Every structure is written in C-alpha cells, then in structure tokens.
Amino acid sequence: MVLYLLCQSFQSDVFETRLLGEKAICMKGKEAAKLFYDNNKFKRAGAAPKRAQKTLLGEGGVQGLDGKPHRHRKSMFMSMMNDESLEKMRQLIKYEWEFAARHFTDQKEIILYEESKKIIMRAICSWAGVPLKEDEVKKWSDNMAAMFETPVSIGLEQHKGRKARRDSEEWIKEMVEEVREGRINPKENTVLYQFSFHKDHEGNLLDSQIAAVEIINILRPAVAVAIYVNFAALALYQHPDERKKLAKRDDRDFEAFVQEVRRFYPFFPFNGAKVKEDFVWNGYKFEKDTLTLLDFYGTNHDSNFWDNPELFKPDRYINCEEHPFTLIPQGGGDHHTGHRCPGEWITIDIMKTSIDYLANELSYEVPEQDFSYSLVEIPSLIKSGFVMSNIKRK
C-alpha cells in the first residue's frame, strides 16, 4: 500500500525508488499488470528478498521459478484445483465453521481473526491430507500466520517468522519422508501424497525440503484468508444494507461481496520480478535485472478503471465482465501459465462460507474497539482483530 501512496504522491503510474538499498521500479494499473505478467519481459528467479524467503515464501518454491520448471511445478498445483477437490474444500470449511460456531456460544467474546486462523487451518489440513492433532491446531495455525505476518519486519518479529518457517518446514518434511517410507498413507488425491511423489521437469523426485515448502505454499496462503474474513466482518458491520442483500443467499450477491472485499481492503501490497532484458515501455526504460514491483492495491483502486474506487460497492460486479489484469489481489494473468495464485478459488470459497455464517447463521454484538488498519504495514490487519460478543445461533 506504500506504493499506492507514492503513486498518488508522484501522480504517476510508474516511478523509480529504492527498496532495501536496491533500485526498484514501481508501477500500477491494468496495462502495467499486463506488462508485469509477460514472461518474456520479466523473470521471478532472484526477485524475492532473502528476508521474505526466510519467512513468507521459503526457498526453492514455485514463486521463484521461471520457464519450463515453473510451468511443470505450477501444473501440480493446478491439478489440485478441480471441481471435485474444490467441492470437498467447501464442505470442509462449512463443517469447521459449524464446529466452531457451537463453541462460540459458550464464550463471552471471541477475536475473529484468531478463531478464523484455526477454522481454516483445520479445514485446509484435512483437505490436503496433512494429519493435524486438535491440541496442535493453534500452534501450527500461529506458525502459518507468523510467516505471513513478518516478511518485512526486523528484530524479534523477523526472528519469530524465521523460526515459524524452520519449524513448519521440518514438520512437513518429516511427514513427506514418512509418506515415502509408507509410514503415513494419505489418499492419492491429496496434496500431501501428490507433492511427496511429485517429480520435477527432469523426472527427479523433489527434495523432501522443497516438497515441504510447496505443501506449506498450500497451507500458509489458506490461513492468510483469515485476514480477508476479518475485513469481510468489518464490511458487514459498516455496510448493513449490503449485509441485508446476503440474506437472500443468492450466489451472485455473495460473489460480488467477496470480490469487493478483495478489491477494497488491503491484503499483500505488491509482487516483484526482475527485468529479463532491456526494453522501453511507455517511454520508460526498464534495464536488465532491475527489480520491478507491481502495486496490487493501487491497481485494485485505479480510478482509470474503477468507478469511485474508494467506495465499497459490491454492485459493481453485477453483470461485470472479468478481466485478468484489473482485479488482482492475488496476482493477475493466467492461473495455469503465469504467476497468479492457484489457490484463488479456495480463497473465494472460504470467504463465501465464512461470510454466510457471519451474515446469516450467527447473531452477535460488536463491542466498541479499534477497527483501524494501516496502509503501510505488511500485511495490514485490523488492530482489534474484530471482537465479537454474546454470540448465538440463529
């Protein structure tokens, strides 16, 4: 979101700055997104700062691959996003919300962000075939969160994120090795099984450490959807007229509400790549190996495309034609061949189910609290975590 503020300040969709001492080009907008996801112009290898690799991304994962290795690895992720698999995830997240809702009524109040992380962690592990004991749900959901909550932090917070990454990779790596040895037997259509036996583009079995990184690349982003669930709860609270529309349970209304939450509120602010070879775009010179950042938040609020982008208006999606480079909270372009998040459908399904429970299945009070969030923190979180009290089933 810092990039968005700078773009506003410079009144430009492209400008040059420095990031961690390195020259960087920053840009936003539909045309910039189209350029950024041109694999002939940009590469991902070496683009992610070490700090992010040690916390958020891990080392050796699909995000840092290019060309054939990337396409081959990405196809593994995409193979898990079939209709049957996504329906299974919808049923699991519904079950976990039902399970959690029964316990919410026994508590004086809950912090939605904390509870959402656990709900999603249970569901995604069950979906992925990853064994998870109930008494370890909080531990591992907190570890997943520590990875995405600390990518640009320093000091103790950075140490926390790195430790969470090391511990989580060791946890999953041991599982992968047990699957290969036949000591754990997940179903063949699960993430744990598929990545344990996945071979790279040269026909070699993935190193167990890399397999662990990629399995975490399923678990961690799913848990991060708790951020969106929090913002969805805030939107329901601050826009009661929009909440009323959801009572009809029309999927078009849910889809529109979800997409507007993803567009309107800050999530992860940008993605980075490096220039492959010198080229000129719109009169601006991009030199080989220059770090280039695409501003997700700025593109999602670009007034050149979005009408009144600073207003929360789910109706903007009714009968709206989708475009791969305008709504890009989780990346743009093609899911199969590009670097757009393969778990985007899972994100949307988790949000729909969560919003249905918050809007239609539960009654609750929202006590006075700090709803503020920052446009310069990564990620941006509601300060209070969204406190709910006096929760009852409808």
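Conventions we followed
Residues numbered from 1 in each chain as written. Predicted model: local features only at pLDDT ≥ 70, side-chain atom pairs only at ≥ 80, totals over all residues. Heavy atoms only, no water. Pairing = 2+ DSSP bridges. Helix = DSSP H or I, 4+ residues; strand = E, 2+ residues; numbered from the N terminus. Expected span 1.5 Å × (residues − 1). Bend = angle between axes of the 7 residues up to and from the residue. Buried < 20%, exposed > 50% of the residue type's maximum accessible area, 1.4 Å probe, protein only. Polar contact = N/O pair within 3.5 Å; in protein donor to acceptor, adjacent residues only side chain to side chain. Contact = heavy atoms within 4.5 Å. Disulfide = S-S within 2.5 Å. Axes fitted to C-alpha atoms, helices over the stretch in contact; angles between N-to-C directions. Parallel < 35°, antiparallel > 145°, perpendicular 65-115°, else oblique. Left-handed = near helix turned anticlockwise from the far one by under 90°. Salt bridge = Lys/Arg side-chain N within 4 Å of Asp/Glu carboxyl O. Phe/Tyr/Trp six-rings, centres within 6.5 Å; stacked < 30°, edge-to-face > 60°.

Examining the sheet that holds strand β5 (residues 270-275)
Pairing within the open sheet is mixed, and its 5 strands lie in the order β1-β2-β8-β5-β3. On the outer flanks of this sheet lie β1 (14-19) and β3 (42-43), each paired with one strand and no other.

What to know about helix α10 (residues 208-238)
Taking 1.5 Å per residue, 31 residues should reach 45 Å; α10 reaches 46 Å between its end C-alpha atoms and fits that length. At Ile216, α10 is deflected by roughly 25°, the largest bend along its length. Taking burial as the measure, the 31 residues of α10 include 27 buried ones, the bulk of the element. Between the side-chain oxygen at the start of α10 and the backbone nitrogen of Gln209 there is a gap of 2.8 Å, and the oxygen is on Asp207.

Re the side chain of His339
Checked against the element boundaries, His339 lands in the loop between α13 (296-300) and α14 (344-361). His339 gets classed as buried once you look at its relative accessible area, which sits at 13%. At 3.5 Å, the side chain of His339 and the side chain of His70 are in polar contact. Beyond its immediate stretch of four places on either side in the chain, His339 contacts Tyr37, Asn39, Arg44, Val62, Gln63, Leu65, Asp66, His70, Lys74 and Asp334.

What about the state of the cysteines?
The full count for this structure, using the stated rule, is 0 disulfides. Free cysteine: Cys125, not disulfide-bonded; nearest cysteine sulfur from Cys341 at 17 Å. For Cys125, a relative accessible area of 1% translates into the label buried.

Describing the side chain of Glu115
Here Glu115 is to be found in helix α6 (residues 112-128). Its relative accessible area of 15% is what places Glu115 among the buried residues. Apart from residues lying up to four places away in sequence, Glu115 is in contact with Phe104 and Ile110.

Details of the packing of α10 against helix α12 (residues 251-264)
Orientation of α10 relative to α12, taken along the N-to-C sense of each, is 110°, at an axis distance of 10 Å. Viewed along their axes, α10 and α12 adopt a mutual orientation that is roughly perpendicular. Helix-helix and strand crossings are classified by hand; for α10 and α12 the assignment is right-handed. For the pair α10 and α12, the contacting residues are Tyr228, Phe231, Ala232, Ala235 and Leu236 in the first and Phe257, Val261 and Arg262 in the second.

Points about the pattern of salt bridges
Taken as a whole and judged by the stated rule, the model has 38 salt bridges. Of the charged contacts in the structure, one is a salt bridge between Asp13 and Lys28, with a shortest N-O distance of 2.9 Å. You can see Asp13 sitting in the loop between α1 (2-10) and β1 and its partner Lys28 sitting in the loop between β2 (22-27) and α2 (30-36), a full 15 residues away along the chain. The class for Asp13 is partly exposed, based on a relative accessible area of 31%. What makes Lys28 buried here is its relative accessible area of 7%. Where salt bridges share partners, they join Glu98, Arg249, Asp356, Glu361 and Arg393 into one cluster.

Side note on the packing of aromatic side chains
Scanning the entire structure with this criterion turns up 26 aromatic pairs. Pairing Phe264 with Tyr265 gives two aromatic rings, centres 4.9 Å apart and planes at 85°, and the pair type is edge-to-face. By relative accessible area, which is 2% here, Tyr265 ends up buried. Judged by centre distance (5.6 Å) and plane angle (85°), the rings of Phe264 and Phe312 are edge-to-face. Of this pair, Phe264 sits in helix α12 while Phe312 sits in the loop between α13 and α14; the two residues are 48 residues apart in sequence, bridging distant segments of the chain. When its relative accessible area of 8% is taken as the criterion, Phe312 is described as buried. Every member of this aromatic cluster is reached through a ring pair, and the members are Phe36, Tyr37, Phe42, Phe279, Trp281, Tyr284 and Phe286.

What about the environment of Leu375?
Its place among the elements puts Leu375 in the loop between β9 (362-365) and β10 (387-393). Sequence separation between Leu375 and Phe267 is 108 residues, and the spatial gap between their C-alpha atoms is 9.5 Å.

Some details on the sheet that holds β9
With antiparallel pairing, the 3 strands of this open sheet are ordered in space as β4-β10-β9. At either margin of the open sheet sits one strand with a lone partner, and together these are β4 (109-111) and β9. Strand-to-strand twist in this sheet, taken as the mean axis angle between neighbours without regard to direction, amounts to 45°. Pairing analysis gives 3 bridges linking β4 to β10, with the strands arranged antiparallel. From the neighbouring strand, Ile111 faces β10, where its bridge partner is Val387. Packing of helix α5 (residues 83-104) onto the sheet brings it into contact with β4, β9 and β10, and relative to β10 it is tilted by some 100°. Each of β4 and β10 touches α6; the most contacted strand, β4, lies at about 70° to it.

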